[in-house]
Amino acid sequence: MAKKSWSTRQLAELAGTTVKTVRHYHRVGLLDEPERSRNGYKNYQVAHLMRLMQITRMRELGLSLAEIGAMGRADEDPDQALAMMDAKLAKTIERLQRIRAELAVFFKHRAPLGTPAPFESIAEALSERDRALITIYSQVFDSGALGDIRKLLGEHTDAEEELEQLPSDADDATVEALAYRLAPVIAAHQARFPWMAEPGKASSKGEKFALEGIVPAVAELYNAAQLRVLARTHEIIKKEHSAP
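(A) A look at the overall build of the protein. Counting its secondary structure elements, the protein contains eleven helices and two strands. The globule rule puts the C-alpha radius of gyration for 244 residues at 18 Å, and the 31 Å found for the protein is more than 25% above it. Dimensions of the protein, computed from C-alpha atoms along their principal axes, come out at roughly 105 × 35 × 35 Å. The proportion of buried residues among the 244 residues of the protein is 33%. Taking contacts inside the protein between residues at least 6 apart in sequence as the whole, the part at least 24 apart equals 57%.

(B) Seen up close, the environment of Y222. By secondary structure assignment, the location of Y222 is in the loop between α10 (207–221) and α11 (224–242). On the basis of relative accessibility, which here comes to 15%, the residue Y222 falls in the buried class. Sequence spacing of Y222 and L163 is 59 residues, and the spatial spacing of their C-alpha atoms is 9.5 Å. Here Y222 is in contact with R129, L133, L163, L227 and L230, once residues within four sequence places are set aside.

(C) Region of interest: the nonpolar core. By size, the foremost hydrophobic cluster in this structure holds 36 residues, and its most contacted members are F141, I149, W195 and V229. Looking at this core, the elements that each hand over two or more residues are α6 (128–140), α7 (143–153), α8 (158–165), α9 (172–192), α10 and α11. Counting residues per element, this core draws most heavily on α9, which supplies seven residues. The residues contacting V229, other than those within four sequence positions of it, are L163, L166, V175, L178, A179 and L182. L11, Y44, L52 and A81 belong to the second largest nonpolar core, which has 17 residues in total.

(D) Layout of the packing of aromatic side chains. For the structure shown, the criterion picks out two aromatic pairs. Ring geometry for Y137 and F141: centres 5.5 Å apart, planes at 50°, overall tilted. Among the residues examined, Y137 registers a relative accessible area of 17% and is labelled buried. R129 extends its terminal NZ or CZ atom over the ring of Y222, reaching a point 4.5 Å from the ring centre.

About the cut-offs
- Residues numbered from 1 in each chain as written.
- Predicted model: local features only at pLDDT ≥ 70, side-chain atom pairs only at ≥ 80, totals over all residues.
- Heavy atoms only, no water.
- Helix = DSSP H or I, 4+ residues; strand = E, 2+ residues; numbered from the N terminus.
- Rg over C-alpha atoms; globule rule 2.2 N^0.38 Å.
- Buried < 20%, exposed > 50% of the residue type's maximum accessible area, 1.4 Å probe, protein only.
- Contact = heavy atoms within 4.5 Å.
- Core = buried A, V, L, I, M, F, W, Y, C linked by side-chain atoms within 4.5 Å.
- Phe/Tyr/Trp six-rings, centres within 6.5 Å; stacked < 30°, edge-to-face > 60°.
- Lys NZ or Arg CZ within 6 Å of the ring centre and 35° of its normal.

Structure follows, in structure tokens:
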């Protein structure tokens, strides 16, 4: 009796998958190539179907093709296969639990999605500018610096509020007066958190990266008068620190 076999299409249909998927498994080495008949058609046997069903089942359980390949033949060492799947599932559960905990913080404080940690609890009260800045800061500074910024955002002084509201057409006298009120505030921040005098040192990606991220953002988010105040404030602080 002639040996029965299936074509690629028939094998795919039996396994509940597609011809394209079967061919892909051949390319990545997960499914052995079958013998071919004299006319060149592939002849799949029961062993191919069993292997294809095994791959399909492991994919349903969440394993990647790379993980399935690294596992080898799961039917030859089921304990290893089960241990790998259990470890992967444990990591997935841990990740989902962490995400749920983070979502709970967003719910509690009505923080917009995308608010970086640790700013969720104050996000609703922040200005649009501050929200933009903390997003950029979260990509530039380390966790310690972000915690310090979080503290300061909850302690805005009158001078900082004036800077927030300063119109772009403020005159020189207004800019100068505000800079002198703001200078001791910024100096106190720098004394409290020394890295603020040299922000680049608080970046895990280096000073150049920090400056390239912060300087364009500040230039865009603050108006002309506010930028003049900030520049003059730092001149005042520098002059006072260099005084004998």
